[in-house]
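The lines below spell out each chain.
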Amino acid sequence: MNQTIKNFRKQNKMTQKELADLVGTSQAAISSYEKGTRRLGLETAQKIAIALEVSLDELWHGIDAEAKE
């Protein structure tokens, strides 16, 4: 899921800081999720999906952001 978060974030022309602000977490946490060095809980995943305007299923199962266009 880490690469998926990054892909959707970039597709939305959003920085890690902007996403973090929408989710209510830190830029460092978003960076860790994208790198796969921090586990993503369901509640945070839901917040990220809402912020990125994707379904939790798209985020969770790694549907390529490019395929969404």
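Our structure's up above, just so we're on the same page.
These figures come from a predicted structure and were not determined experimentally.

(A) Expanded view of the side chain of Arg 9. Examined against the element boundaries, Arg 9 turns out to sit in helix α1 (residues 2-11). Those residues in contact with Arg 9 that lie beyond four places of it in its chain are Met 14, Thr 15, Gln 16, Leu 19, Glu 34 and Leu 52.

(B) The arrangement of the environment of His 61 in detail. Within the secondary structure, His 61 sits in the loop between α5 (56-60) and α6 (65-68). When the C-alpha atoms of His 61 and Thr 4 are compared, they prove to be 8.6 Å apart, with 57 residues separating the residues in sequence.

(C) The arrangement of the pattern of salt bridges in detail. Enumeration according to the criterion identifies three salt bridges in this entry. When the shortest N-O distance is used, the salt bridge between Arg 9 and Glu 34 registers 2.5 Å. Taken as a pair, Arg 9 in helix α1 and Glu 34 in helix α3 (residues 27-35) lie far apart in primary sequence, 25 residues in all. Pair check on accessibility: Arg 9 and Glu 34 agree, each one buried.

(D) Quick look at helix α2 (residues 16-23). Within the span of α2, buried status applies to Gln 16, Leu 19, Ala 20 and Val 23. Seen end-on, α2 carries its buried residues on one side only, within an arc spanning 100°. The inward-facing, buried residues of α2 abut α1, α3 and α4 (42-52). Backbone geometry just downstream of α2 places Gly 24 in the positive-phi region, at approximately 85°.

Thresholds, definitions, all that
Throughout, a residue's number is its position along its own chain's written sequence, starting from 1. Thresholds applied to this predicted model are a pLDDT of at least 70 for local features of residues and 80 or more for the giving and counting of side-chain atom pairs; totals over whole chains, interfaces and linings are not thresholded and use all residues. Think of the side-chain values as coming from all heavy atoms in the structure, minus any hydrogens and water. Secondary structure is summarised from DSSP: a helix means a run of H or I of at least four residues, a strand means a run of E of at least two, and numbering begins at the N terminus for each. When checking whether two residues touch, look at their non-hydrogen atoms; a contact exists if any pair is within 4.5 Å. Think of a salt bridge as a Lys or Arg side-chain nitrogen and an Asp or Glu carboxyl oxygen that are within 4 Å of each other. In this scheme, a residue with accessible area under 20% of its type's maximum is buried, one over 50% is exposed, and one in between is partly exposed, where area comes from a 1.4 Å probe on protein chains only. Each direction from the helix axis to a C-beta atom contributes to the arc, which is the arc of those directions.

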